[in-house]
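Chains, contacts and geometry: an overview
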Amino acid sequence: MREKIDALTQNLALTIVGKAEAIRLVLVAFLGGGHALLEDVPGVGKTLLAKSLARSLDGKFQRLQCTPDLLPTDITGTNIWNPKSGEFTYLPGPIFANILLADEINRATPRTQSALLEVMEEHQVTVDGVSRAVPQPFFVIATQNPIEYQGTFPLPEAQMDRFMLSLSLGYPSEVEELLMLQNLQNGVKVADLQPCITLAEVQELRYLCSQVKVATSLQQYILELVRATRQDEEIALGVSPRGTLALQRAAQALAFLLGRDYAIPDDVKFLVPHVLCHRLIPRGGRNSRTVVERLLRSVSIP
């Protein structure tokens, strides 16, 4: 399994230059059984990272380009009348995949965004009263541009809460951008990537991540951090219990990726900004990351 993780990381590094931390965070969400939200300006590699992960997995990949005219049935599928059989036939939507890329998710209307609420939490889709399970493993990786607000619909709190973590790739350094130019002619393209891990191996890795030990003192540390967000005067909406569970699962996955069978406080400290910030609503236009970093300093480490 360690060899599989190394192969998967190396596969992603072939197309994503100099973004080892972003790759690790996406793998934390993937192996931790959650979903990932990539928030950054256009052109920094958000979609490239998602497609590279999909190509590295021996499973089904679907891409959903979100636009204001996208309908919920364009995601979940719908029942279509079949004149030959004289009855309705269900036509599955792109949601029935192992990896779903929801590109520019905040360009879809709230009605369409709501089509993802059930499947991201319960791994099933209900159409006309009939529930259908999506393939396993199931992973949603969504992208959005946090700068441009024209023609966008901000994700509601319930939707944001369903993402295990959020991350930003950021602009590459000068050396990394030069390497990108050099790779343009001779580098590996996404289409050239070969699957290096099977669906069964992903399921086994997820199980092993869930078996990583989390000491009671570390669980108490997680609780104190989360409960501090609910009591702070600078925060209008604190982290939900779902966020508490997500932080522990993410810490387990990170510890496993780093080769340990136990989680440590440094795992939690590293993940807190990525797991908690997008779940908060600060007061008075404050920056959620600044507030979370202050809470990190105020809570004692076990």
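Residues numbered from 1 in each chain as written. Predicted model: local features only at pLDDT ≥ 70, side-chain atom pairs only at ≥ 80, totals over all residues. Heavy atoms only, no water.

Regarding the overall build of the protein chain
Operational definition: Helix and strand definitions follow DSSP, with helices as H or I runs of at least four residues and strands as E runs of at least two, each counted in order from the N terminus. Using C-alpha atoms as the atom set, the radius of gyration is obtained and then compared with a globule rule of 2.2 Å times the number of residues to the power 0.38. Relative accessibility thresholds used throughout: buried, under 20% of the residue-type maximum; exposed, over 50%; partly exposed, between the two (1.4 Å probe, protein chains only). Should any heavy atoms of two residues lie within 4.5 Å, those residues are counted as being in contact. Surface exposure here means Shrake-Rupley accessible area, sampled with a 1.4 Å probe, where a residue is shielded only by the protein chains that are shown.
A tally of regular secondary structure across the protein chain gives 13 helices and 13 strands. For a compact globule of 302 residues, the expected C-alpha radius of gyration is about 19 Å, and the protein chain comes in at 20 Å, within 12% of that figure. Along the first, second and third principal axes, the C-alpha atoms of the protein chain reach 70 × 50 × 40 Å. The buried share among the 302 residues of the protein chain stands at 48%. Relative to all contacts within the protein chain whose residues are 6 or more apart in sequence, the contacts with residues 24 or more apart total 78%. If you sum the accessible surface of the protein chain, you get close to 14700 Å²; carbon and sulfur atoms cover 54% of it.

Section: the pairing of strand β7 (residues 124-127)
What counts, and what does not: Two strands pair if DSSP finds at least two bridges between them.
Residues Val125 and Val127 point to one face of β7 and are all buried, whereas Gln124 and Thr126, pointing to the other face, are not buried. Summarising the sheet, β7 and strand β8 (residues 130-133) pair through four bridges and their orientation is antiparallel. Its bridge partner lying in β8, valine 125 is registered against arginine 132. Linkage of β7 to β8, two consecutive antiparallel strands, is achieved through a turn of two residues, within which aspartate 128 is found at a positive phi near 55°.

Considerations on the side chain of serine 166
Where we set the bar: The term polar contact refers here to a pair of N or O atoms within 3.5 Å; inside protein, the definition further demands a hydrogen-donor-capable atom paired with an acceptor-capable atom, and it admits residues adjacent in sequence only when both atoms are side-chain atoms.
Relative to the elements of secondary structure, serine 166 occurs in strand β10 (residues 165-167). On the basis of relative accessible area, serine 166 is assigned to the buried category, the value being 8%. Within polar-contact distance, the side chain of serine 166 engages the side chain of histidine 278 at 3.4 Å.

A few points about the sheet that holds strand β6 (residues 99-103)
Strand pairing in a sheet takes place through backbone hydrogen bonds and is either antiparallel or parallel in direction. Condition: In this description, a line fitted to the C-alpha atoms serves as the axis of each element, helices being fitted only across the stretch in contact, and the angle between N-to-C directions of two axes falls anywhere from 0 to 180 degrees.
Strand order in the open sheet made by the five strands is β3-β6-β9-β1-β10, with parallel pairing throughout. Two strands in the sheet have a free side with no partner beyond their single neighbour: β3 (61-65) and β10. Here the average twist between neighbouring strands, direction ignored, is 15°. Strand direction decides the pairing type here: β3 and β6, joined by five bridges, are parallel. Looking across to β6, one finds that arginine 63 is bridged to leucine 101. Against the sheet, helix α2 (residues 20-31) contacts β1 (36-39), β9 (139-144) and β10, and its axis sits at roughly 160° relative to β10.

So, unusual backbone geometry
Of all residues except glycine, most have a negative phi; of all peptide bonds, most are trans. With omega at -5°, the peptide bond leading from glutamine 136 into proline 137 counts as cis. With respect to the helices and strands, the residue proline 137 is situated in the loop between β8 and β9. The backbone of glutamate 104 shows a phi angle near 50°, a positive value even though the residue is not glycine. Inspection of the secondary structure assignment puts glutamate 104 in the loop between β6 and α5 (110-113). In this model, aspartate 128 sits at a positive phi of 55°, which is unusual for a non-glycine residue. Within the secondary structure layout, aspartate 128 lies in the loop between β7 and β8.

Re the pattern of salt bridges
A side chain with one charge may pair with a side chain of the opposite charge, provided their charged atoms come close. So the rule is basically this: Every case where a carboxyl oxygen of Asp or Glu lies within 4 Å of a side-chain nitrogen of Lys or Arg is listed as a salt bridge.
In the structure shown here, the tally under the stated rule is 12 salt bridges. Between glutamate 104 and arginine 107 there is a salt bridge, with the nearest N and O atoms lying 3.1 Å from each other. Note on arginine 107: relative accessible area 17%, which makes it buried. Residues participating in the shared-partner salt-bridge network are Glu121, Asp161, Arg242 and Arg279.

Quick notes on the pairing of β6
Counted residue by residue, β6 has five buried out of five residues, so it is predominantly covered. Across the two faces of β6 the burial is the same, with Ile99, Leu101 and Asp103 and Leu100 and Ala102 all buried. Bridge count between β6 and β9: four bridges; the pairing is parallel. Along β9, the bridge assignment pairs leucine 101 with isoleucine 141.

Quick notes on the packing of aromatic side chains
Rule in force here: Only rings of Phe, Tyr and Trp enter the pairing, Trp through its six-membered ring, and a pair is recorded when the two centres are within 6.5 Å. The plane angle decides the type: under 30 degrees is stacked, over 60 is edge-to-face, the rest tilted. Criterion for a charge above a ring: Lys NZ or Arg CZ within 6 Å of the ring centre, and within 35 degrees of the ring normal.
Per the stated rule, a full pass over the model turns up three aromatic pairs. Measuring from centroid to centroid gives 5.1 Å for phenylalanine 30 and phenylalanine 139, while their planes differ by 65°, and the two rings are edge-to-face. Placement of the pair is phenylalanine 30 in helix α2 and phenylalanine 139 in strand β9, with a sequence separation of 109 residues. For phenylalanine 30, a relative accessible area of 1% puts it in the buried group. Classification of phenylalanine 139 by relative accessible area gives buried; the value is 0%. A centroid spacing of 5.1 Å and a plane angle of 75° characterise the contact between tryptophan 81 and phenylalanine 88, whose relative ring orientation is edge-to-face. Overall, the relative accessible area of 47% leaves tryptophan 81 in the partly exposed class. Classification of phenylalanine 88 by relative accessible area gives exposed; the value is 55%. In this arrangement the basic side chain of arginine 2 is found over the ring face of phenylalanine 256, its NZ or CZ atom lying 5.7 Å from the centre. Above the ring of tyrosine 90, the side-chain terminus of arginine 132 is found at 3.7 Å from the ring centroid.

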